[in-house]
Amino acid sequence: STEFSVNNTQPRGGYIMLIGKVEGTIKVGDTLNQTIDEPRRELIMKNHTGTHVLNYALRQVLKDAADQKGSLVAPDRMRFDFTAKGAMTPEQVKETEMIAQALIDQNGEVFAKDSSLAQAKAVKGLRAVFDETYPDPVRVVSIGVPVEQLLGDPDGPAGNQTSVEFCGGTHLRRAGHVGKFVIASEEAIAKGIRRMYALTGPEAERAIHRADRFEQRIAELVKTIEGDKSLVNDRDRYRATSKQIFAFDAEVIQSTLPQWRRDELRTKAKAATKILDGYAKQAQAAVAEKVLAEAKTLVEKAKNEKVVVHIFPPGATGKALDSALKQLKTTSAAMAFSVDEEQNRITVFAKVDQASIDSGLKATEWVNAVCELVGGKGGGKETQAQAVGNRPEAVDQALQLAREFAKTKIGS
Ligand SMILES: [Zn+2]
């Protein structure tokens, strides 16, 4: 038997042309049985009625700024282009989705009726695409309010309170059959023109469930981070957790989700990073405290030394070393080291008094003397200087070199 698979239809000269592939032959006068790919058609209907609902909801949020610029209805999603002054805020996107879902949940009947073009155009609130030419008579599709009622009271409020459009497309019988509705993205495609992708029915449900799972994941992650103070000192776990948040955020960006929920999830990921940052600060403060405590015990030991070269606990910042050396008031020349194996970093800080400078030991020269060894660059003043290098493994040699250098200048 002959089969004609239609994959496109086009209006031509008042007729609808079916375009597709014929297997066998068809001749004038043949009788054909029409069958429709119903599951596919049903999804298209959901997205088409959903497109009308979205058009309505957008105008509620953006008022007259939003004009339809084109749309595409597919089984798995819809695309909707519209005019707007700029990007919509996350709140506006959420509000649009809520208004659309509310109209769907009212489950109004979807009405369709032919009308004279002039009479239909008189209906206040009717959404027409500005530069499109419409046939006369034209088919009017409205949700929840019969077309006759709209035509009978064109100046009434009904046209602004629901979706009314010119449309020849295929629609659901009731708005509620759209099911769930989700705005998956909102972005610019040209100056003054925005593009939305939206989902209905099963695809929308999947996106919502996906967001629910992400929500659960980030909540658990935050709970773990908040409850696990060992993250302050356990660098490996700290780094692994930081990576986990980063991976979560990357996954959220890539996933098909309600846009406003994607925004919220990313905000939560940022908040989780902030808690971790707080831990890092705590860890740094703990090191600084340790360094200071050690400096205080060093004061006693260094009482009779002109030169002190000391390695402090790992991970100390230049600032922490600076405060440590400030404790050594009676020492003429002091140099502090601290290594950070994980960051592959060595920090050097030196401080000398005027007598040392007069004897030929300047802080800058002292620091520079060890710079090559520690793989870094130094800077500062005659009285104090610092350097950061990337060869922490050279610390023992650097300590020795620093002592010898000072000794040759001012004696020990
Ligand atoms: Zn339509």
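Residues numbered from 1 in each chain as written. Predicted model: local features only at pLDDT ≥ 70, side-chain atom pairs only at ≥ 80, totals over all residues. Heavy atoms only, no water.

Undergrad: Would you explain the packing of aromatic side chains in this entry?
TA: Here the structure, examined in full by the defined rule, presents three aromatic pairs. Their ring planes at 65° and their centres at 4.7 Å tell us that Tyr134 and Phe166 sit as a pair that is edge-to-face. Here Phe166 lies in strand S7 (residues 164-166) and Tyr134 lies in the loop between helix H3 (117-121) and strand S6 (138-143), a separation of 32 residues in the sequence. Exposure class is identical for Tyr134 and Phe166. Each is buried. In this structure, Arg235 packs its charged tip against the face of Tyr238, placed 5.1 Å from the ring centre. (Phe/Tyr/Trp six-rings, centres within 6.5 Å; stacked < 30°, edge-to-face > 60°. Helix = DSSP H or I, 4+ residues; strand = E, 2+ residues; numbered from the N terminus. Buried < 20%, exposed > 50% of the residue type's maximum accessible area, 1.4 Å probe, protein only. Lys NZ or Arg CZ within 6 Å of the ring centre and 35° of its normal.)

Undergrad: When you look at the sheet that holds S6 in this model, what are you seeing that I'm missing?
TA: Strands belonging to one sheet form pairs held by backbone hydrogen bonds; the direction of such a pair is parallel or antiparallel. Read across the open sheet, the three strands follow the order S5-S6-S7; overall the sheet is antiparallel. Only two strands of the sheet have a single neighbouring strand rather than two, namely strand S5 (110-115) and S7. Neighbour-to-neighbour, the strand axes of the sheet open up by a mean angle of 25°, direction not taken into account. Note that S6 and S7 share three bridges and pair antiparallel. Note on S7: the bridge partner recorded for Ser142 is Val164. Packing against the sheet, helix H1 (residues 38-62) makes contact with S5, S6 and S7, and its axis sits at approximately 75° to S6. (Pairing = 2+ DSSP bridges. Axes fitted to C-alpha atoms, helices over the stretch in contact; angles between N-to-C directions. Contact = heavy atoms within 4.5 Å.)

Undergrad: I keep staring at the domain arrangement of the protein chain and nothing clicks. Help me out?
TA: As a measure of interface size, the accessible area lost when the parts come together is often cited. Each domain of the protein chain was delimited in the assignment, giving domain 1 (3-34), domain 2 (40-202), domain 3 (205-284) and domain 4 (302-410). Each of domain 1 and domain 3 was reduced to a C-alpha centroid, and the two centroids are 55 Å apart. (Domains from an automatic or database assignment.)

Undergrad: Looking at this structure, how should I read the coordination of the zinc ion?
TA: Tetrahedral coordination by four donors sets the ideal angle at the metal to 109.5 degrees; octahedral coordination by six donors sets it to 90 or 180 degrees. On the protein side, the zinc ion has His48 (NE2), His52 (NE2) and Cys167 (SG) as donor atoms, found 2.0 to 2.3 Å from it. For the zinc ion, all donor residues lie on one chain, and their spacing in sequence is H-x3-H-x114-C. With His48 and His52 both in helix H1, this residue pair falls four residues apart, about one helical turn. Residue His48 shares its accessibility class with His52, and that shared class is buried. (Donors = N, O, S within 2.8 Å, 3.2 Å for Na, K, Ca; no water.)

Undergrad: Any chance you could explain the layout of surface pockets here in plain terms?
TA: It is a probe the size of a water molecule, rolled over the atoms, that shows where empty space is left. By volume, the largest pocket amounts to about 2,100 Å³. Every residue lining the largest pocket is counted, 45 residues in all, and those nearest its centre are Asn8, Thr9, Ile16, Arg41 and Thr170. At the level of secondary structure, the elements contributing two or more residues to the lining of the largest pocket comprise strand S1 (3-12), strand S2 (15-23), H1, strand S3 (68-73), S6 and S7. Broken down by element, the lining of the largest pocket gets its largest block of residues, nine residues, from S1. Partitioned by chemical class, the residues of the lining of the largest pocket number 17 nonpolar, 19 polar and nine charged. Counting residues domain by domain, the lining of the largest pocket receives three or more from each of domain 1 (3-34) and domain 2 (40-202). Each pocket or cavity is described by its volume, and for the second largest pocket that value is around 570 Å³. For the second largest pocket, the lining is made up of 21 residues, of which Arg235, Val287, Pro314, Gly315 and Asp340 are closest to its centre. Going through the elements one at a time, helix H8 (259-301), strand S11 (333-340) and strand S12 (345-352) are the ones with two or more residues in the lining of the second largest pocket. The greatest single-element share of the lining of the second largest pocket, amounting to six residues, is contributed by H8. A class-by-class count of the residues in the lining of the second largest pocket yields eight nonpolar, seven polar and six charged. (1 Å grid on protein atoms, 1.4 Å probe; cavity = no way out; pocket = protein on both sides within 12 Å on 5 of 7 lines; lining within 4 Å. Points joined across faces, edges and corners; volume = space filled by probe spheres on them. Nonpolar A, V, L, I, M, F, W, Y, C, P; charged D, E, K, R; others polar.)

Undergrad: What should I look at first to understand the packing of H1 against helix H2 (residues 90-105) in this one?
TA: Between two packed helices, the angle of one axis relative to the other and the distance separating the axes together describe the packing. Viewed as axis vectors pointing N to C, H1 and H2 meet at an angle of 130°, and their least axial separation amounts to 8 Å. As summarised for this structure, H1 and H2 are arranged oblique, according to the angle between their axes. Our pair here, H1 against H2, has a crossing hand that is right-handed. Every residue of H2 that contacts H1 at Val53, Leu54, Tyr56, Ala57, Leu58, Gln60, Val61 and Leu62 is listed here: Gln92, Glu95, Thr96, Ile99, Ala100, Leu103 and Ile104. Considered class by class, the residues forming the contact of H1 with H2 number eleven nonpolar, three polar and one charged. (Parallel < 35°, antiparallel > 145°, perpendicular 65-115°, else oblique. Left-handed = near helix turned anticlockwise from the far one by under 90°.)

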